[in-house]
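Reading the structure
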Amino acid sequence: MKAALKIYKIGGGIIDRVSDLLEFLRLFANVSGPKILVHGGGKGASEMMARLGIVPRMLHGRRITDAVTLDIVTMFYAGKTNKQIVAALQAVGVNALGLSGADGNVILATKRLVREVDYGFVGDLSEESINADMVRQFLEIGLTPVFCPINHDGQGQLLNTNADTIAASLAKALSKQYSVELHFCFEKHGVLADIIDEKSVIPTITLANYAELKESGIIADGMLPKLENAFDALQFGVEKVIIEHALYIDGALKTTLCLN
Ligand SMILES: Nc1ncnc2c1ncn2[C@@H]1O[C@H](COP(=O)(O)OP(=O)(O)O)[C@@H](O)[C@H]1O
Ligand SMILES: CC(=O)N[C@@H](CCC(=O)OP(=O)(O)O)C(=O)O
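Looking up the protein chain in an unreviewed UniProt entry gives the name Acetylglutamate kinase, with the organism given as Hymenobacter lapidarius. Heading Pathway (unreviewed entry) of the UniProt record for the protein chain holds this comment: "Amino-acid biosynthesis; L-arginine biosynthesis; N(2)-acetyl-L-ornithine from L-glutamate: step 2/4." The UniProt entry for the protein chain carries the following text under Function (unreviewed entry): "Catalyzes the ATP-dependent phosphorylation of N-acetyl-L-glutamate."

Here it is as C-alpha cells:
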C-alpha cells in the first residue's frame, strides 16, 4: 500500500493578509503525515508592480512576464514570500525547506511557447519536469518542502509558473509513489454556484458538471485554470482533489472533485 501524502496550495488572496496567512500556517502545521506546501502570491506581486509604476498584464490566468516583471516576481515569490512562510512554519514546529524549481533541480520548466502571444519568461511543466525522487528524499528525512512559483530551464534562465499548475504537477508526479490528496485553498469555501453567495458551495463536481459550469459562465477567471489543473491531476492518478477555504481546512463546506 502507498503511503499518504497531502499537498496544499495557497493563493495570493490569503498570503496578502498576514493574519490569514499565519492562521492557515497554524492549521497546516497540525496536518499529520508527510506534506508539501505550494504558494502563489499573484495578488501581492501585482500590487508591488503597481507601486513601482508597472502595469501587470494577465492573459488566460497567466502573467505576461517580461524581464523587469521576472525580477520583481522572483524577489516577491522566491524571496520575501517563500522565506516569510518558511520562517513562520519553523516558528510553529514545522521543519520547512523553501524551494524554487532551480534548488536541487527539483522542477525543470520549459519556456511557454504559443503562437498567438509572447508570454515572456513563463514556464510550462510536463511529465518529466518534476524530480519526484528528490522530493521523496526530502520528505523521508522529515522536511516539509515549500515551493514558490519560480522554476528554471536548466540553462540558467528563471521562469515564472502558475502556482496551481505546480501543485497539480507535483501531485501527479508523486502519485506514482504516494496516495496523494491535493487541496487548493483560497478565500472562499469552495466553488460557488453564485459568486456573491458565500454559502452556495457546490459539494461535488464531476468532469461532466465542469463542462456545464464552464459553458454557463458560473466558473470564470482564476477558477478556470484551477479546475483544469484539478481534473488533470485526477486523471493522472491523484486520489482526491478538494477546493476549500484556507482558514477552514477542517470544515464541512468544501468542493470535492471526481471524474464521474
Ligand atoms: N464559481 C466560482 N466560485 C468561486 N470562485 C470563483 C468562481 N468563479 C470565479 N471565481 C474566482 O476564482 C478566484 C480563485 O482563483 P485564483 O484567483 O486563481 O485563486 P488563488 O487565490 O488560489 O490564486 C476567486 O477569487 C473568484 O474570484
Ligand atoms: C505565470 C504566472 O501566471 N505565474 C503566477 C505565479 C503566482 C501565482 O500563481 O499566484 P496565485 O496562486 O496567487 O494566483 C503569477 O505571476 O501570477
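Quick word on unusual backbone geometry
Phi is mostly negative for residues that are not glycine, and the peptide bonds are mostly trans. Of note in this structure, H60 is not a glycine but carries a positive phi near 50°. One can find H60 in the loop between β3 (58–59) and β4 (62–63). Even without a glycine there, the phi angle at D221 is positive, about 50°.

Quick look at the site of ligand 1
Around ligand 1, the surrounding shell holds 17 residues, and the nearest of these are G11, F186, L192, G222 and M223. When contributions to the shell around ligand 1 are tallied by element, the ones reaching two or more residues are α1 (12–15) and α8 (223–235). Residue composition of the shell around ligand 1, by class: eight nonpolar, six polar and three charged.

Comments concerning the sheet that holds strand β13 (residues 240–245)
Ordered by their spatial adjacency, eight strands build an open sheet running β5-β8-β2-β1-β11-β13-β14-β12, and the pairing between neighbours is mixed. For this open sheet the edge positions go to β5 (96–99) and β12 (204–206), each flanked by a neighbour on one side alone. Taken pair by pair, the neighbouring strands of this sheet meet at an average axis angle of 20°, ignoring direction. The sheet contact formed by strand β11 (residues 178–186) and β13 spans six bridges and is parallel. In the strand pairing of β13, F184 is matched with I243.

Examining the nonpolar core
I7, V38, A167, L170, A171, L182 and A230 are the most contacted members of the largest nonpolar core, which totals 69 residues. Ranked by the residues each element gives to this core, the list is headed by helix α6 (residues 163–174), at eight residues. Leave out the neighbours within four places in its chain, and I7 touches I36, V38, A167, L170, A171, V180, L182 and H183.

Thoughts on the confidence of the model for the protein chain
Per-residue confidence for the protein chain gives a mean pLDDT of 96; residues scoring 70 or more make up 100%. Model confidence for the complex is summarised by a pTM of 0.97, with the ipTM given as 0.97.

Considerations on the packing of α6 against α8
Between α6 and α8, the least distance of the axes is 9 Å, while the angle of their chain directions is 5°. Between α6 and α8, the interaxial angle falls into the category roughly parallel. In contact with D164, T165, A168, A171 and K172 of α6, α8 contributes P225, K226, N229, A230, D232 and A233. Taken together, the residues of the contact of α6 with α8 break down into five nonpolar, two polar and four charged.

Reading the values: rules and limits
- Residues numbered from 1 in each chain as written.
- Chains lettered and ligands numbered in written order.
- Predicted model: local features only at pLDDT ≥ 70, side-chain atom pairs only at ≥ 80, totals over all residues.
- UniProt positions renumbered as here; feature names shortened; annotations may be inferred.
- Helix = DSSP H or I, 4+ residues; strand = E, 2+ residues; numbered from the N terminus.
- Near = placed C-beta within 6 Å.
- Nonpolar A, V, L, I, M, F, W, Y, C, P; charged D, E, K, R; others polar.
- Pairing = 2+ DSSP bridges.
- Axes fitted to C-alpha atoms, helices over the stretch in contact; angles between N-to-C directions.
- Core = buried A, V, L, I, M, F, W, Y, C linked by C-beta atoms within 7 Å.
- Buried ≥ 20, exposed ≤ 12 C-beta atoms within 10 Å, placed from the backbone.
- Contact = placed C-beta atoms within 7 Å.
- pLDDT = per-residue confidence, 0-100.
- Parallel < 35°, antiparallel > 145°, perpendicular 65-115°, else oblique.

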